[in-house]
Amino acid sequence: MKVELARARALAENGLGALGYADEERKLIAGHLLDCELRGLGFSGLARVLSIAERLQAAPNTPRPMAVLRETGVSARIDGGDNLGYLVAERATDMAIAKAEAAGIAVIGASDTWYTGMLSYYAERIAAADLVAMIASNASPWVAPEGGSEGRYGTNPICFAFPSADESVIWDIGTSAIIHAQVVEALRLGKPLPEGLALDGAGAMTIDPQAALNGAFMPWGGHKGSGLGLVVQMLGMLAGSPMMPGQLQDFGFLVIAIKPDLLVDIDMFKRQIADYADSVRSTRPLADGAAVRMPFDRSRAERARRLAEGFIEVPTAIIAALDDLQKDFRP
């Protein structure tokens, strides 16, 4: 169903309020979820409020305050205190930007968190500060390595961002054939998964979302994507996560931010990035093919379109569940 943006934000904020999040926390998390919706990634949008509620019900321990465990002028290690990843990753991003602007480079690791969301959300902020970024986040072992049938790493996104004299260039991918949020959404809506993306607990291919959640997801890109997923799992360990995080807990989030003028003139670099992006877009397409795009072009265009329209499309079942979640909450 069509939902006006103001109502969509209210649904997210009030649902989060019903879960006990403070006003500023609700606004920060809802901003991230709404950006997912605007970019056409609804499985990580408003429905995530329901997943947060389910995780808090399954593991209701009170989060601890975030704490910096070790710190230098160019680095920091954050204990996330089992707080929601949107909040922990936002703090890590703030620190990365501040330290990189002051010292030229920053490496920030955060651990003991869950649901860090879209890495490109943080990468856009870093690129807007004229910094290059690399971000990685590991997760529960939901994904089987190439040739295997048991989970050994998370859906493990990795993201790079480059500032530009035009639009920043951002590449953000998950390293599994299907991400956890998509499987959860399919289960919530009673829909099957596409063929060839998941395994059940016995290692047989399945299109049943519940069987997939009890089994494993396939890697993206064969042995190459599998290798990249394994790398992200280890980068999460560098950020402080355990080797195999538990179910929706102990994720690791690593962000590296670099000031380009450590190596090159920043204005020249930004012009070159913009010119290179234009040269890629001007590539002759395949016969009868669509125009060549740069990473993030689709997301940016979808967001602009939905902002102009003033509404998003959200499954009726998700809206009903959010209405039910927030029915007793008074902002």
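Residues numbered from 1 in each chain as written. Predicted model: local features only at pLDDT ≥ 70, side-chain atom pairs only at ≥ 80, totals over all residues. Heavy atoms only, no water.

Section: unusual backbone geometry
What counts, and what does not: Numbering goes from the N terminus for both helices and strands, where a helix is a DSSP run of H or I of at least four residues and a strand is a run of E of at least two.
Within the chain, Leu248 stands out as a residue other than glycine whose phi angle is a positive 50°. Considering the arrangement of structural elements, one finds Leu248 in the loop between helix H8 (222-238) and strand S10 (251-258). One non-glycine residue, Asp250, lies in the positive phi region at around 60°. Within the secondary structure, Asp250 is located in the loop between H8 and S10.

Section: the nonpolar core
In a soluble, globular protein the nonpolar side chains are often hidden away together inside. The line we're drawing: The set of buried Ala, Val, Leu, Ile, Met, Phe, Trp, Tyr and Cys residues whose side-chain atoms join them within 4.5 Å is what this entry labels a nonpolar core. Buried residues are those whose accessible area, probed at 1.4 Å on protein chains only, stays under 20% of the maximum for their type, while exposed residues exceed 50% and partly exposed ones sit between those limits. In what follows, residue pairs with any heavy atoms lying within 4.5 Å of each other are defined as contacts.
Ranked by size, the top nonpolar core spans 69 residues in total, and within it Tyr21, Ile52, Ile135, Phe253 and Ile312 carry the most contacts. Apart from residues lying up to four places away in sequence, Ile52 is in contact with Leu16, Leu19, Tyr21, Leu84, Tyr86, Trp114 and Tyr115. If you look at the next biggest cluster of nonpolar residues, it comprises eight residues, including Ala136, Ile158, Leu235 and Ala239.

Remarks on helix H11 (residues 316-325)
Just so we agree on the cut-off: Think of it as the arc spanned by the lines of direction from the helix axis to the C-beta atoms.
The set of residues buried in H11 consists of Ile318, Ile319 and Leu322. Looking straight down H11, one finds that the buried residues subtend no more than 100° of arc, so they occupy a single side. Those residues of H11 hidden inside the fold are in contact with strand S1 (2-4), helix H1 (5-18), helix H3 (47-58) and helix H6 (180-189).

Concerning the layout of surface pockets
Over the atoms, a rolling probe the size of a water molecule traces out where space has been left empty. Under the convention used in this document: The distinction between a cavity and a pocket rests on a 1 Å grid over the protein atoms alone: a 1.4 Å probe fits inside a cavity but cannot get out, while a pocket stays open yet meets protein on both sides within 12 Å along at least five of seven lines, and a residue with an atom within 4 Å of a point counts as lining. Grid points are joined across faces, edges and corners, and a volume is the space filled by probe spheres set on the points. Under the scheme applied here, ten amino acids are nonpolar (Ala, Val, Leu, Ile, Met, Phe, Trp, Tyr, Cys and Pro), four are charged (Asp, Glu, Lys and Arg), and all others, including Gly, are polar.
Counted as a void, the largest pocket has a volume near 910 Å³. Taken together, 39 residues form the lining of the largest pocket, with Leu41, Asp172, Ile173, Gly174 and Ile179 sitting closest to its centre. Of the residues forming the lining of the largest pocket, the biggest block, four residues, is contributed by strand S7 (residues 169-173). A per-class count over the lining of the largest pocket returns 21 nonpolar, twelve polar and six charged. By volume, the second largest pocket amounts to about 160 Å³. Taken together, Ser51, Glu54, Arg55, Tyr115, Trp142, His180, Val184, Leu187, Leu213, Gln247 and Leu248 form the lining of the second largest pocket. Mapped onto the lining of the second largest pocket, the elements with two or more residues apiece are H3 and H6. Considered class by class, the residues forming the lining of the second largest pocket number six nonpolar, three polar and two charged.

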